[in-house]
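One letter stands for each residue in the lines below.
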Amino acid sequence: MNQEEQWLLPDGVEEVLPERARAIEQLRRRALDLYRSWGYELVFPPLIEFLESLLNGAGRDLERDTFKITDQLSGRLMGVRADMTPQVARIDAHGLRRNGPTRLCYCSTALRAKPAQAGGTRLPYQLGVELFGHAGADSDLEVVLLLLDTLALAGAGDRVVLDLGHVGIFRAVLGACDLSAADQSTLEDIYLRKARTELDRFLAERALPANATRALAALPFLDGDGAVFPQARELLAAFPAATEALAELERLVAVLEAGGARVHLDLGELRGYHYHTGCVFAAYLPGDSEPLAKGGRYDHIGEVFGRARPATGFSADLKKLASLTPAPRGAGILARGGLDDPDFRERVAQLRAQGERVLLALDGADNDPAELGCDRELVVADGGWTLQPISS
């Protein structure tokens, strides 16, 4: 290995340099303050856990994404978290054990065995909220509105398109069909790929109820704005649970659009089908194939921890959110004085207490203001310590 190769990082693993790190940290603080104002409490799940605990319940879907290590103390297998949502569900169900709605938020690094997309990161800085203990549409709406506030905070503005679906629609229609587990898995895969020709062939080869066949054939392609609702109501009239799910979506869309949100409906959306149980959503910027954030309802996640609490929430990669706006330019004060001067130390302390970034000009060093990110300097003038702009 040559010297240059010694400093290479693994694919999908990156270091964050000062300007971007500052932007990420500033957004983290503002986002957590926002969540606190909505009543969400901050938790810190552990970075590593015994594998059987980490991959319990809904976490099993993360097994292929989880790095596994051997605990040197116990000899048992441990995993590094790939997603914090199952851990937060355990905190609600087992650690807190509250009866009423519980609002929790989190922000920390996760580790994935492979990136979500080619060229993506394996070290997402996961930011998210979870609302436990309420099964109604009000909690779904709260979480979606908080997601939109988060994206506005990050600088996404009115560019965001919110993609909305409801896995309960597909579940309701599927419940009227006598399909084997293998056939269900095949159908889910076809839906995820929206493969129309394969879907038509799949349905033609099976003797399903006529109304279910019509619904299954149409659902993956029922997308767009609120104009899809009348057609969907007619198509799903024979499936009460599906029409209930549709009504939930209609209410969400009405409130969101009244607030100026841009909404796109996808009634055949099955993202996270085995994980989610109701409304699912993802936020995109036009032209992007990967969402800025995603979430939905997952009411069975707490069963394995002894409490099947209803739940809804969202998560995002804070590093991606922080990249939506340019990193702030360096602004600081280069203080040209000596620490043996009490007046100088007092003036520097005053400036720092006011929120200024003050760097000391070190004797004998190359104190280049541009490299240090300083646009002003503290110098002796008119018998005292004075701030002056630094000429470019």
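None of the values given here were measured: they were computed from a predicted structure.

1. A word on the nonpolar core
In this structure, Y35 and L164 are the most contacted members of the largest nonpolar core, which totals 73 residues. Apart from residues no more than four positions distant in its own chain, Y35 is found in contact with Y40, C105, L127, G128, V129, L146, T150 and F314. Counting 14 residues, the second-largest nonpolar core is a separate cluster that includes A89, L104, F132 and F305.

2. A word on the sheet that holds strand β15 (residues 376–381)
Strand pairing in a sheet is mediated by backbone hydrogen bonds. Such pairs are either parallel or antiparallel. Reading across from one edge, β14-β13-β15-β16 is the order of the four strands in this open sheet, with mixed pairing throughout. Whereas interior strands pair on both sides, the edge strands pair on one side only; in this sheet they are β14 (358–360) and β16 (384–389). Adjacent strand axes in the sheet meet at a mean angle of 35 degrees when their direction is disregarded. As judged from the three bridges shared by strand β13 (residues 333–335) and β14, these two strands associate in the parallel manner. Bridge assignment links I333 to a residue of β14, and that residue is V358. Packing of helix α13 (residues 342–353) onto the sheet brings it into contact with β13, β14, β15 and β16, and relative to β14 it is tilted by some 150 degrees.

3. Let's talk about the confidence of the model for the protein chain
Looking at the protein chain, pLDDT values average 91 and 95% of them are 70 or higher. Of all helices and strands in the protein chain, the one with the weakest mean pLDDT is helix α1 (residues 3–6) (62), whereas strand β1 (residues 41–42) scores best (98).

4. Quick word on a nonpolar patch on the surface
A cluster of nonpolar side chains, namely L47, I48 and I69, defines an oily patch on the protein surface of about 240 Å² accessible area. For L47, the location among the structural elements is in the loop between β1 and β2 (48–50). Given the relative accessible area of 47%, L47 is considered partly exposed.

5. A few points about helix α9 (residues 210–218)
Inspection of α9 places A212, A215, L216 and A218 among the buried residues, and these make up the whole buried set. Those residues of α9 that are buried lie in contact with α6 (167–174), α7 (181–193), α8 (196–204) and α10 (228–235).

6. Some points on the side chain of D163
When you line up the elements, D163 lands in strand β7 (residues 161–166). A polar contact of 2.8 Å, which involves the side chain of D163, links it to the side chain of H264. Beyond its immediate stretch of four places on either side in the chain, D163 contacts H264, D266, E269, R271, V280, F281, A282 and Y284.

Thresholds applied
Residues numbered from 1 in each chain as written. Predicted model: local features only at pLDDT ≥ 70, side-chain atom pairs only at ≥ 80, totals over all residues. Heavy atoms only, no water. Core = buried A, V, L, I, M, F, W, Y, C linked by side-chain atoms within 4.5 Å. Buried < 20%, exposed > 50% of the residue type's maximum accessible area, 1.4 Å probe, protein only. Contact = heavy atoms within 4.5 Å. Pairing = 2+ DSSP bridges. Helix = DSSP H or I, 4+ residues; strand = E, 2+ residues; numbered from the N terminus. Axes fitted to C-alpha atoms, helices over the stretch in contact; angles between N-to-C directions. pLDDT = per-residue confidence, 0-100. Patch = residues over 30% accessible without salt bridge, like charges linked within 9 Å, V, L, I, M, F, W, Y side chains within 5 Å. Areas by Shrake-Rupley, 256 points an atom, 1.4 Å probe, with all protein chains shown as cover. Salt bridge = Lys/Arg side-chain N within 4 Å of Asp/Glu carboxyl O. Polar contact = N/O pair within 3.5 Å; in protein donor to acceptor, adjacent residues only side chain to side chain.

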